[in-house]
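Listed below are the residues making up each chain.
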Amino acid sequence: MSAIKRAPQTRHASLLRAGSDAEISASDIKLIRLLQADGRISFVDLAEKLGMAEKTARKRVAELRSLELIEITTVASPRAIGYDSLALVGIRIAGGTTRLDIAEQLFALEAVDYAVTPFGSYDVLVELVCRDNRELGEILDRSIRGLQGIKDIEVFPYLSLHY
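Residues numbered from 1 in each chain as written. Predicted model: local features only at pLDDT ≥ 70, side-chain atom pairs only at ≥ 80, totals over all residues. Heavy atoms only, no water.

Draft legend 1. Quick look at the overall build of the protein chain. For the protein chain, the helix and strand inventory stands at five helices and four strands. Its helices and strands taken in sequence order, the protein chain reads α-α-α-β-α-β-β-α-β from the N to the C terminus. Taken across its 163 residues, the protein chain has 33% of its residues classed as buried. Across the protein chain, contacts joining residues at least 24 apart in sequence account for 57% of those joining residues at least 6 apart. Accessible area of the protein chain: about 11,000 Å², with a carbon and sulfur share of 51%. (Helix = DSSP H or I, 4+ residues; strand = E, 2+ residues; numbered from the N terminus. Buried < 20%, exposed > 50% of the residue type's maximum accessible area, 1.4 Å probe, protein only. Contact = heavy atoms within 4.5 Å. Areas by Shrake-Rupley, 256 points an atom, 1.4 Å probe, with all protein chains shown as cover.)

What follows is the structure in structure tokens.
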């Protein structure tokens, strides 16, 4: 595998995972956007749209995947597969606990799709994907509110979800 060429610092460098020292180029951004629109696009079509050889496009996708800068996966609409109650939960933690510890504990819950440790009003944000409001309430009451280190939460139920 060839070395990744260093691109000039751009606003897109923030798209990289924490701790990565690789940078992505403007053509990488275009490649990623094409894959986001159609993860099944052929390498021939991808190369044509990027103005490069098929072999180059195939190699670059493989490099980005091996560096774990991209992952090609399926994203299903939760409501289409029976998950009708979705919510974002803002969490404030008590002293003596770290945001990372709480985020890791919450991410272990089956209903948590992702956990984020932001700066701002909340110490942790999690997205809950539940079958119905009863399940959502149970997760909030039994698994989140009762977790040691959580001071308070605010729940933002989704009215609609757009990808």
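Draft legend 2. A look at helix 1 (residues 26-37). For helix 1, with 12 residues, the first-to-last C-alpha span of 17 Å sits near the 16 Å given by 1.5 Å per residue. Looking only at helix 1, the buried set comprises D28, I29, L31, I32 and L35. Buried residues of helix 1 fall within an arc of 160 degrees about the axis and therefore sit on the same side. Seen from the buried face of helix 1, the exposed residues on the opposite side, beyond 90 degrees, are A26, K30, R33 and A37. On the buried face of helix 1, the contacting elements are helix 2 (43-50) and helix 3 (54-66). (Expected span 1.5 Å × (residues − 1). Arc of directions from axis to C-beta.)

Draft legend 3. Inspection of the pattern of salt bridges at higher detail. Under the defined criterion, the tally for this structure stands at six salt bridges. Across the salt bridge formed by R92 and D152, the nearest N and O atoms sit 3.3 Å from each other. Pair noted here: R92 is in strand 1 (residues 85-93) and D152 is in strand 4 (residues 150-157), with a separation of 60 residues, a long-range link. Owing to a relative accessible area of 31%, D152 belongs among the partly exposed residues under this scheme. Via salt bridges that share partners, D28, R60 and E63 belong to a single interconnected network. (Salt bridge = Lys/Arg side-chain N within 4 Å of Asp/Glu carboxyl O.)

Draft legend 4. Geometry of the nonpolar core. Counting 20 residues, the largest nonpolar core has I91, L106, V126, L128 and I144 as its most contacted members. When sequence neighbours within four positions are dropped, the list of residues in contact with I144 reads I91, L106, L109, L128, I139, I150 and I153. (Core = buried A, V, L, I, M, F, W, Y, C linked by side-chain atoms within 4.5 Å.)

Draft legend 5. Structural view of the environment of L125. Mapped onto the fold, L125 is located in strand 3 (residues 124-130). Setting aside residues up to four positions removed in sequence, L125 forms contacts with L88, V89, G90, Y114, A115, V116 and P118.

Draft legend 6. How the structure looks around a nonpolar patch on the surface. There is a patch of nonpolar side chains on the surface, built from F107, Y114 and V116 and spanning about 270 Å² of accessible area. Residue position: F107 is located in helix 4 (residues 99-107). (Patch = residues over 30% accessible without salt bridge, like charges linked within 9 Å, V, L, I, M, F, W, Y side chains within 5 Å.)

Draft legend 7. A look at the environment of F107. On a C-alpha basis, the gap between F107 and E127 in space is 9.4 Å, while along the polypeptide they are 20 residues apart. Not counting the four nearest positions on each side in its chain, F107 is found in contact with V112, D113, Y114 and A115.

Draft legend 8. Highlighting the confidence of the model for the protein chain. Of the residues in the protein chain, 87% have a pLDDT of 70 or more, and the chain-wide mean is 87. Helix 1 is the least confidently modelled element of the protein chain, averaging 94 in pLDDT, while strand 3 averages 98, the highest of any element. Overall, residues 1-19 carries pLDDT values under 50, and its contacts beyond four positions in sequence, including any with other chains, amount to 28 contacts. (pLDDT = per-residue confidence, 0-100.)

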